[in-house]
Amino acid sequence: MSESTPSEISVTINGVQVEAEPGEMLIAAADRAGVHIPRFCYHERMSPVGMCRMCLVDVDTGRGPMLQPSCMVPVADGMSVNTESEDTKRAQEGILEFLLVNHPLDCPVCDKGGECPLQDQTMAYGPGESRFVEEKRHYEKPIPISDLVHLDRERCILCDRCTRFADEVAGDPLIHFTERGNATQVLTFPDEPFSSYFSGNTVQICPVGALTAAPYRFKARPWDLEQVESTCTTCSMGCRVAVESSRNELVRYLGVDVESVNHGWLCDKGRFNFESTNSSHRITTPLTRDNDDPRQLLGSDWGSALALAAEAIQQAGPGRVGLIGGSRLTNEDAYAWSKFAKSVLGTDNVDAQLGDGLSAEVVLALPLATIAEACNADTVLVVGPDIKEELAILHLRLRGAATKGQTKVVEIGSTPTGIEPYAHRSIRCAPGESAKALSELLASDDPLAAQLKQGSLVVVIGRASLAESEEPTLSLAASIRAELPHATFLPALRRGNVRGALDMGLAPGILPGRTRLDQPSPALSANWNTVPTTKGLNTTEMLRAAASGDLDTLILVGADPLSDFPDRNLAAEAIQKVKTLIAVDTFITDSVAQADVVLPATAYGEQGGTTTNIEGRISRLTQKITATGSARDDWMIATELAWRLGGDLRLGSKEEIWREIEQVAPSHSGVTLERVESSEAHEGILVQRSSIELDLPAPGTPPVADGYGLRLVSGRKLWDAATTTTYSPSLQPLAEAAALRVHPNDLQRLGISSGTDVRVISTRSTEIITAIADDSIERGTAMLPFNQPGGGANRFIDAAAMVNDIRIETV
Amino acid sequence: MGYLAGFKVTFKKLFEERVTTEYPKEKRPKPPRFHGRHVLNRYEDGMEKCIGCELCAGVCPARCIYVRGADNPETDPVSPGERYGYVYEINYLRCIHCDLCVEACPTEAITESKLFEFSFSNRNDAIYTKDELVVGDDGLPQRQPWELWHEGDDLATSGWMRATAPSGNPDYQNRSGWSGELGYGIRSPEMGQHDRPEPQETDNETEEDGHSGVSH
């Protein structure tokens, strides 16, 4: 159109005047006006392609009505649209008759049958009969295109949604149209599966049953599903999900489109790990040690198990008890444990993080950004773990923003990451020297330095490598604060509700509401029996104290230090030395197997409450199924234990707990239960206040590497030996075996060929691991994923060292 | 003698044909569309017709049907196609024999027999499992210990599957719409609604049910 576009456009849809924004597609304007135009290929989060022609409507731009696809026509002022004209109806009938020419009528055995847009729209807009009597197109019935997704090409209507998603949104263009004409079909490349971390989304957006998910295959029909809206707690992104169950068994999660967080997408780990909740390996009753054979854990009852636990805690006394974990829980459960430890037990030895995050005082004091701010900032500086592996949906959001040119992603790290192909600049540095690399960049006359200094800047900060101590990351934070004071932060922390757990005071020196021990709110002082006066120990210090015999009782709340703490030797020594180990968990993990008292807790889907994501957004969790066995919510366990120790938490329900949190936590004041339960919580309620002053330690310098060793880098992979992955039968095979990646020249120097077993020696351990040559790894460094099946990097790491070196030898 | 007048009716009836029968020794023929307990049919090659689609469970107003589907084992498929019903249960304490499940079934897997005389002594017996519902190798329903059967009762199985021809379309009148069935083969077509003879009480139920060409 030649006329200049005004700021607001007015179109007439079915005789009703509708205001639209310039550039908006007609179909979107109609949606907002409440006029539904049928569609298959159009998806509001992807670019329009006009593949299916289902959205043809009569558009009159002054030249008379004409059928046009409303997903491809931008609104223009004065446009008159009729979505119910005779021509439109005839077009819709024709398109549906065409689509059904080759679509098999196997709806009764199709997983989509009952919620299928093709079924629904055929009923609503179809001709009712087909003139096509010839044989339909035939292909081999479902072929697995990845371990999680099946493709039935007979059912495909070639809408281009999955292929567009793979290319545009996920950045894994591994499925595409092949052949031409009647033989056009969606297919992977030969011998290359659709192994995307986001493949499950294609199943959700497929408008027919062409793509189905292996974990949901034939599990239920849509009409026997019950659905609630909840929040995923697999990682700390807080994606909104619809949790669906059939017959009290979780069968499916669907992504819910929330503008501020996940845009409707989910990663495959979050989408499919519901299988672990249903696992038969869940702990169903309390377990205690057999008196005759102390190596055996025997089923017990709640009364005696709680009595044993209370007795051990009582005997140890407040100074010799520690509580590790809590970052898998809801805010309410975390608050109950926090109040239990600090108010009833009187100890400050609590830590929700397992030595793999950042100090709570730093996390809670950093000025927070939101995910949306990050996507719209001039620059996003990513210094931390590979977000594609650890915060997959944040990767998706940043990738989308970077490819659309909304922001520039700059990363500083020592190993290749998933965001690298979309990064404006990837700066490689030696492990532990990211602060130095940033300072060098800022001191140079590189245009990027000016951009960082002037434009809006969001820093995604976290522990890039678990083989490094926290110190290099804190040094980096210090130099960012010093040189780029306008930066805001998104802390990339591990485990679902770690942010909420820290907010609730599950960290040494912290009280609920992002306050320090010495500044309790008046409401908190009134509500709590005692408030610890001296700062307690963090996880590393607790494990060290336990190993040297200074702690008698250790309580693990959904924590597995043997697998998740960076230093396995220290964790093992601590667990062995401690007199009583109490574990509150859902599965018998390595650490739980060593416990003296095991208390079964409810898992995701079995509990309601709230969770807080990395940006401080509080959203609701909803209970969908009943608890396994006699498992209880964590707050009940904490309350019960407190009562047995002569204290009373005075907490009777999750709602009551939230009311108390709202009163005692200054950061959460005003976020009332009513608000949390209202529709406002659909997007989540942002809580970013903090009363902690940022106080960063002075930077130190990492030791110089000797010529023989390789500096170890270790991060997590999406598919690893994490508990929920291990106990999800569909996901468990996706975790690759542990392998050490080294630059080919470093291997060659030692006369080792790629793919052979090598002896890996560190100050902590000597083990045999397969070494693989990888020229994307810098020389002098070696990358070992943190927790793969068959051996984690935590065996080689010394938590006391700022960086860890290893040496490799031929076997 | 006035009281004898009262016996007039009694004596008259003594010589008339009796309308009552010696039930349960003797059973009267059931109407053609009588709804008894269900059977799960099999194709002539022995494959089960049920594909576990749960449409019967979805339509059931009494919510008495529980079905779960599963992937057909590749080497030893239970039914043709991808999916089969690996759990199929009907709770006869709830079933109201409305036959909506039969209407909903896309594969004619579930039909109703004319068997209705069962007395359970516990609730578990009232839940018929797939093993109990599926027809035997002769295509006839399997007798459960608590069911009252007379000879030939089982032959009156598979009543009308649909109230009318497919979609009520007159074009399908006198065209066989059913697939082959174990023990019955292909059944003869249902007659059109208009050229149907007036329903008569006959003692030959099988003919009335539309079974033909098969000797029992």
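Calculation notes
Counting restarts for each chain, with residues numbered from 1 along the sequence as it is written. Note on labels: chains are lettered from A, ligands numbered from 1, in written order. For a predicted model such as this one, the threshold for reporting local features is a pLDDT of at least 70, and the threshold for listing and counting side-chain atom pairs is 80 or more; totals across whole chains, interfaces and linings nevertheless cover every residue. Note that the side-chain values use all heavy atoms of the structure and ignore hydrogens as well as water. The helix and strand labels rest on DSSP assignments: H or I over at least four residues marks a helix, E over at least two residues marks a strand, and numbering proceeds from the N terminus. We compute the radius of gyration from the C-alpha atoms alone; for a globule the expected value is 2.2 Å times N to the 0.38, where N is the number of residues. Type-normalised accessible area, obtained with a 1.4 Å probe on protein chains alone, sets the label of each residue: buried when under 20%, exposed when over 50%, and partly exposed for intermediate values. Here a residue-residue contact requires only that any non-hydrogen atoms of the pair lie within 4.5 Å. Each accessible area value is a Shrake-Rupley result obtained with a 1.4 Å probe; residue values ignore everything except the protein chains displayed when judging cover. Asp and Glu are treated as the negative residues and Lys and Arg as the positive ones, with His and the ends of the chain left uncounted. By convention, the charge on Lys lies at NZ, on Arg at CZ, on Asp at CG and on Glu at CD. Only strands that DSSP links by at least two bridges are regarded as paired with each other. Each axis is a line fitted through C-alpha atoms, taken for helices only over the stretch in contact, and angles between the N-to-C directions span 0 to 180 degrees. Definition used for salt bridges: Asp or Glu carboxyl oxygen within 4 Å of a side-chain nitrogen of Lys or Arg. The domain limits used here are those given by an automatic or database domain assignment. Accessible surface is computed with a 1.4 Å probe, and the buried area is the amount of it that two parts give up when combined, taken over both parts together. Side-chain classes are defined by residue name, with Ala, Val, Leu, Ile, Met, Phe, Trp, Tyr, Cys and Pro counting as nonpolar, Asp, Glu, Lys and Arg as charged, and the others, Gly among them, as polar. Any pair of nitrogen or oxygen atoms within 3.5 Å is treated as a polar contact; in protein, a donor-acceptor pairing is required on top of that, and neighbouring residues in sequence qualify only through side-chain atoms on both sides. Per-residue confidence from the predictor is reported as pLDDT, a score between 0 and 100. One less than the number of residues in a helix, times 1.5 Å, gives the span that helix is expected to have.

Colleague: Mind showing me how you'd approach the overall build of chain A here?
Modeller: The helix and strand tally for chain A stands at 26 helices and 38 strands. Expected size for 811 residues packed as a compact globule is a radius of gyration near 28 Å; at 28 Å, chain A falls within 12% of this value. Overall, the C-alpha framework of chain A stretches about 85 × 60 × 50 Å when taken along its three principal axes. Looking at chain A residue by residue over its 811 residues, the buried ones come to 62%. Within chain A, contacts between residues separated by at least 24 positions form 71% of all contacts whose residues are at least 6 apart in sequence. Carbon and sulfur atoms provide 49% of the accessible area of chain A, an area that totals close to 30200 Å². One way to put it: in chain A the 73 positive side-chain charges average out to a point 1 Å from where the 108 negative ones average out.

Colleague: Can you help me understand the sheet that holds strand β11 (residues 226-231) of chain A in this one?
Modeller: Pairing between sheet strands relies on hydrogen bonds along the backbone, with the strands arranged either parallel or antiparallel. All names here are of chain A. Taken in spatial order, the three strands line up as β11-β12-β13 in an open sheet, and their pairing is antiparallel. Looking at the sheet topology across the chains shown, the edges are occupied by β11 and β13 (249-255). Going across the sheet, the axis of each strand differs from the next one's by a mean of 30 degrees, ignoring polarity. In this sheet, β13 lies alongside strand β12 (residues 240-246) in antiparallel orientation, the contact comprising six bridges. In the sheet register, Glu-244 faces β13, and the bridge partner there is Arg-252.

Colleague: Looking at this structure, how should I read the pattern of salt bridges?
Modeller: Opposite charge on two side chains permits pairing when their charged atoms draw close. Tallied over the entire structure, the rule returns 65 salt bridges over all chains. In this structure, A:Lys535 and A:Glu361 form a salt bridge, with 3.2 Å as the shortest nitrogen-oxygen distance. Remark: A:Glu361 occurs in helix α10 (residues 360-365) and A:Lys535 occurs in the loop between α18 (522-527) and α19 (539-547); sequence separation between them is 174 residues. With relative accessibility at 18%, the residue A:Glu361 sits in the buried group. Where salt bridges share partners, they join A:Asp106, A:Lys141, A:Asp152, A:Glu154, A:Arg155, A:Arg217, B:Asp71 and B:Glu82 into one cluster.

Colleague: Which parts of the structure should I look at to understand the domain arrangement of chain A?
Modeller: Size of an interface, as often reported, equals the accessible area lost when the parts are brought together. All names here are of chain A. Partitioning chain A into structural domains gives domain 1 (9-99), domain 2 (294-357 + 497-686), domain 3 (361-491) and domain 4 (710-810). Placing a centre on the C-alpha atoms of domain 2 and another on those of domain 4 gives a separation of 32 Å. Here domain 2 packs against domain 4, burying approximately 1100 Å² in sum over the two surfaces, 49% of which is carbon and sulfur. The largest per-residue losses of area from domain 2 upon contact with domain 4 belong to Pro-566, Asp-567 and Phe-587, which jointly make up 40% of the total buried on that side. Asp-567 is paired through a salt bridge with Arg-764; the nearest N and O atoms lie 2.5 Å apart. In terms of residue class, the side of domain 2 that touches domain 4 is built from six nonpolar, four polar and four charged.

Colleague: Can you help me understand the interface of chain B and chain A in this one?
Modeller: Opposite the 13 residues of chain B that make contact, chain A presents 17 residues. Of all residues in chain B, B:Arg68, B:Glu82 and B:Arg83 bury the most surface against chain A, accounting for 48% of the area lost on that side. The interface formed by chain B and chain A contains five salt bridges. Note that B:Asp71 is salt-bridged to A:Arg217, the shortest N-O span being 2.7 Å. The tally of links from chain B across to chain A stands at seven residue pairs in polar contact (both at pLDDT 80 or more). If you list the elements that add at least two residues to the side of chain B that touches chain A, you get α3 (55-59) and β2 (65-71) of chain B. Per element, the largest residue contribution to the side of chain B that touches chain A is five residues, and it comes from β2(B). Here the side of chain B that touches chain A is built from residues that sort into six nonpolar, two polar and five charged.

Colleague: Whenever I open this one, the confidence of the model for chain A confuses me. Can you help?
Modeller: A low pLDDT score tells you not to read the predicted coordinates there in detail. When the pLDDT values of chain A are averaged, the result is 93; 99% of them are 70 or greater. Here residues 1-5 of chain A is a poorly scored stretch, pLDDT under 50, and it has three contacts once near neighbours within four places are set aside; other chains count.

Colleague: Honestly, helix α9 (residues 331-345) of chain A in this entry has me stumped. Any pointers?
Modeller: Residues and elements named next belong to chain A. Across its 15 residues, α9 extends 20 Å between first and last C-alpha, which sits within 8% of the 21 Å expected from 1.5 Å per residue. In terms of burial, α9 is a largely internal element, 15 of the 15 residues being buried. Once α9 finishes, Gly-346 follows within two positions and takes phi at roughly 75 degrees, a positive value.

Colleague: How do you make sense of the pairing of strand β27 (residues 597-600) of chain A when you look at a structure like this?
Modeller: Along any regular strand the residues' side chains alternate between the sheet's two faces. Residue and element names in this part refer to chain A. Here β27 shows two buried faces, one formed by Val-597 and Leu-599 and the other by Val-598 and Pro-600. Bridge count between strand β14 (residues 287-289) and β27: two bridges; the pairing is antiparallel. Looking at β27, one finds that Leu-287 is bridged to Val-598. The pairing of strand β26 (residues 580-585) with β27 spans four bridges and is parallel. Each residue of the ladder has a partner; that of Val-584, found in β27, is Leu-599.

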